[in-house]
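Summary of structural features
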Amino acid sequence: MKLAAACTLAFAASANAFAPATSGNRATQLNAMKDDFVKVGAAALAGAAIFGATLPAQAITKSELNQLSYLQVKGTGLANRCSEVIGEDTITPKSGAKLAEMCIEPKAWAVEEEIGKAGKTEKKFVNSKVMTRQTYTLEGIEGSIKTDGGAITFVEEEGIDYAPTTVQLPGGERVPFLFTVKELVAKGNGPAFKPGFQMGGDFSVPSYRTGLFLDPKGRGGVTGYDMAVALPGLQSGEEGDADLFKENNKTFDVGQGRIEMEVNKVNADEGEIGGVFVASQPGDTDMGSKVPKKILTKGIFYAKVQ
């Protein structure tokens, strides 16, 4: 009974966390997101206590993390965690400032699925479980800060800004995607970083696989066979070729995602900011042969103003 109750609680909280956002301003959506995080976190802690699962490493500040050696960090999970920020100060970036050492750590994932009920189908976001080891956090991201028009704009330029990730749906289907914020241009709602400051924008989502990848039939984007060698009769350019065209014609698809971020902690002495984010992006297309699924990611972020 405890097992069933814990599962029900966790799935219910996660489903609420990923309910599609209604039309409204950014503040309303982000406030709802923060409430959902509390519910998901409570459900996760309850489930871990019942099952005896190992909880993630506790977050520590950047200064504390810098004091640890490689052997002290190895195997603890801290390398996949974003640092914690303590304080509720205000930082007004100067001309030529930049955001450095940005870390973006996902905490929960959901995939949009078509669910049939009473003869009708509707799209809903379904809670999913990450299958990738602890290598899905983005780290070392840097970019310039512009203050044109009295509002902060962050332009992402470099860093470990992508991470191949796979999540699994309750039915067992696995959905790969490239978690990323490449070429992000995030526009803020004010001239200073302080609790409640919000920024968001679009970013590019490169293909999950590159042109050098070969599928099980040896077909690739820039190398390999042009068609499945075992089925030449169906790929002669005549009848039947259209059914396999997408499988044979490998493409490097670039999609578009969007991220919304809200600052809730600021340490002016260290020049640090931290907060929460919610991102939406397409999943893998299998090099053009599949329709990508829409994926929502929620988590925390850290950055340093320099």
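As the structure is a prediction and not an experimental result, all values here were calculated from the model. (Residues numbered from 1 in each chain as written. Predicted model: local features only at pLDDT ≥ 70, side-chain atom pairs only at ≥ 80, totals over all residues. Heavy atoms only, no water.)

1. Quick look at the environment of Cys103
The line we're drawing: Note on conventions: DSSP H or I runs of at least 4 residues are helices, E runs of at least 2 residues are strands, and numbering of each starts at the N terminus. Partly exposed describes any residue whose relative accessible area lies between the buried limit of under 20% and the exposed limit of over 50%, with all areas from a 1.4 Å probe on protein chains only and scaled to the type maximum. Whether two residues are in contact is decided by their heavy atoms: any pair within 4.5 Å suffices.
Relative to the helices and strands, Cys103 resides in strand S1 (residues 98-117). Take Cys103: its relative accessible area is 1%, and that puts it in the buried class. Along the backbone, Cys103 and Ser83 are 20 residues apart, and their C-alpha atoms lie at a distance of 8.0 Å. Residues within four places of Cys103 in sequence aside, it is in contact with Arg81, Cys82, Thr137, Leu138, Glu139, Ile300, Phe301 and Tyr302.

2. Side note on the state of the cysteines
So the rule is basically this: Throughout, a disulfide means two cysteine sulfur atoms within 2.5 Å of one another.
Evaluation of the coordinates by the stated rule reveals one disulfide. One disulfide in the model links Cys82 with Cys103; its S-S distance is 2.0 Å. Residues Cys82 and Cys103 are joined by a disulfide whose S-S torsion is about -85 degrees; by sign, that bridge is left-handed. One end of the pair, Cys82, is in the loop between helix H4 (70-73) and S1; the other, Cys103, is in strand S1, and 21 residues separate them in sequence.

3. With respect to the pairing of strand S6 (residues 174-180)
We apply this condition: The rule for pairing is simple: two strands pair if DSSP sees at least two bridges between them.
In terms of burial, S6 is a largely internal element, five of the seven residues being buried. Between the antiparallel neighbours strand S5 (residues 162-168) and S6 lie five residues, among them Gly172 with a positive phi of about 105 degrees.

4. Observations regarding the nonpolar core
The following threshold applies: Think of a nonpolar core as a cluster: buried Ala, Val, Leu, Ile, Met, Phe, Trp, Tyr and Cys residues, connected wherever their side-chain atoms sit within 4.5 Å.
Membership of the largest hydrophobic core comes to 39 residues, with the highest contact counts inside it found for Leu99, Met102, Ile104, Phe193, Ile259, Ile273 and Phe277. In terms of residue count, the dominant contributor to this core is S1 (five residues).

5. Side note on the pairing of strand S4 (residues 153-160)
Two elements, strand S3 (residues 138-146) and S4, share six bridges in a ladder whose sense is antiparallel. In the strand pairing of S4, Ser144 is matched with Val155. The turn joining S3 and S4, which pair antiparallel and follow one another in sequence, is formed by six residues; a positive phi near 75 degrees is taken by Gly149. Of the strand pairs in this sheet, S4 and strand S7 (residues 182-188) are connected by three bridges, and their pairing is antiparallel. Bridge pairing in S7 places Val155 opposite Val185.

6. What to know about the confidence of the model for the protein
Regions with low pLDDT carry predicted coordinates that are not meant to be interpreted in detail. This is how it is decided: How sure the predictor is of each residue is captured by pLDDT, a score from 0 to 100.
With 76% of its residues at a pLDDT of at least 70, the protein reaches an overall mean of 81. Taken together, the stretch residues 1-24 has pLDDT below 50 and engages in 30 contacts with residues farther than four places along the chain or on a different chain.

7. Concerning the pattern of salt bridges
Put simply, the rule reads: Any carboxyl oxygen of Asp or Glu that lies within 4 Å of a side-chain nitrogen of Lys or Arg is treated as forming a salt bridge with it.
Scanning all chains against the criterion turns up 16 salt bridges. Residue Glu173 is joined to Lys293 by a salt bridge in which the shortest nitrogen-to-oxygen separation is 3.8 Å. Taken as a pair, Glu173 in the loop between S5 and S6 and Lys293 in the loop between strand S10 (272-282) and strand S11 (294-305) lie far apart in primary sequence, 120 residues in all. Each of Arg209, Asp284, Asp286 and Lys290 takes part in a single network of salt bridges with overlapping partners.

8. Some details on unusual backbone geometry
Although it is not a glycine, Glu101 sits at a positive phi angle of roughly 55 degrees. You can see Glu101 is positioned in strand S1. Its identity as a non-glycine residue notwithstanding, Met287 has a phi of 60 degrees, on the positive side. Since its relative accessible area comes to 3%, Met287 is described here as buried.

9. Re the side chain of Glu105
This is how it is decided: Any pair of N or O atoms that falls within 3.5 Å is considered a polar contact. Within protein, one atom must be able to donate a hydrogen and the other to accept it, and sequence-neighbouring residues count only if both atoms are side-chain atoms.
With respect to the helices and strands, the residue Glu105 is situated in strand S1. Residue classification places Glu105 among the buried residues on the basis of a relative accessible area of 3%. Among the polar contacts listed, one links the side chain of Glu105 to the backbone nitrogen of Cys82, at a separation of 2.9 Å. Beyond its immediate sequence surroundings of up to four residues, Glu105 is in contact with Asn80, Arg81, Cys82, Thr137, Phe277, Gly299 and Ile300.

10. Overview of the environment of Gly200
Here Gly200 shows up in strand S8 (residues 198-205). Each C-alpha atom, one on Gly200 and one on Ile259, is 5.5 Å from the other, the two residues being 59 residues apart in sequence.

11. Structural notes on the packing of aromatic side chains
Going by this rule: Note on aromatic contacts: the rings of Phe and Tyr and the six-membered ring of Trp form a pair at centre separations within 6.5 Å, being stacked when their planes are under 30 degrees apart, edge-to-face when over 60 apart, and tilted otherwise. By definition, being over a ring means that NZ of Lys or CZ of Arg is both within 6 Å of the ring centre and within 35 degrees of the ring normal.
Tallied over the entire structure, the rule returns three aromatic pairs. Plain terms: the ring middles of Phe193 and Phe197 are 5.1 Å apart, the flat faces sit at 75 degrees to each other, and that makes the pair edge-to-face. Overall, the relative accessible area of 0% leaves Phe193 in the buried class. Across the ring face of Phe213, the terminal group of Arg209 is positioned such that the distance to the ring centre comes to 4.3 Å.

12. Brief notes about the environment of Arg219
Examined against the element boundaries, Arg219 turns out to sit in the loop between S8 and helix H5 (245-248). Arg219 sits 30 residues away from Asn249 along the chain, and the two C-alpha atoms are 8.7 Å apart. Not counting residues within four places of it along the chain, the set of residues in contact with Arg219 comprises Phe213, Leu214, Tyr225, Met227, Ala228, Glu247, Asn248 and Lys250.

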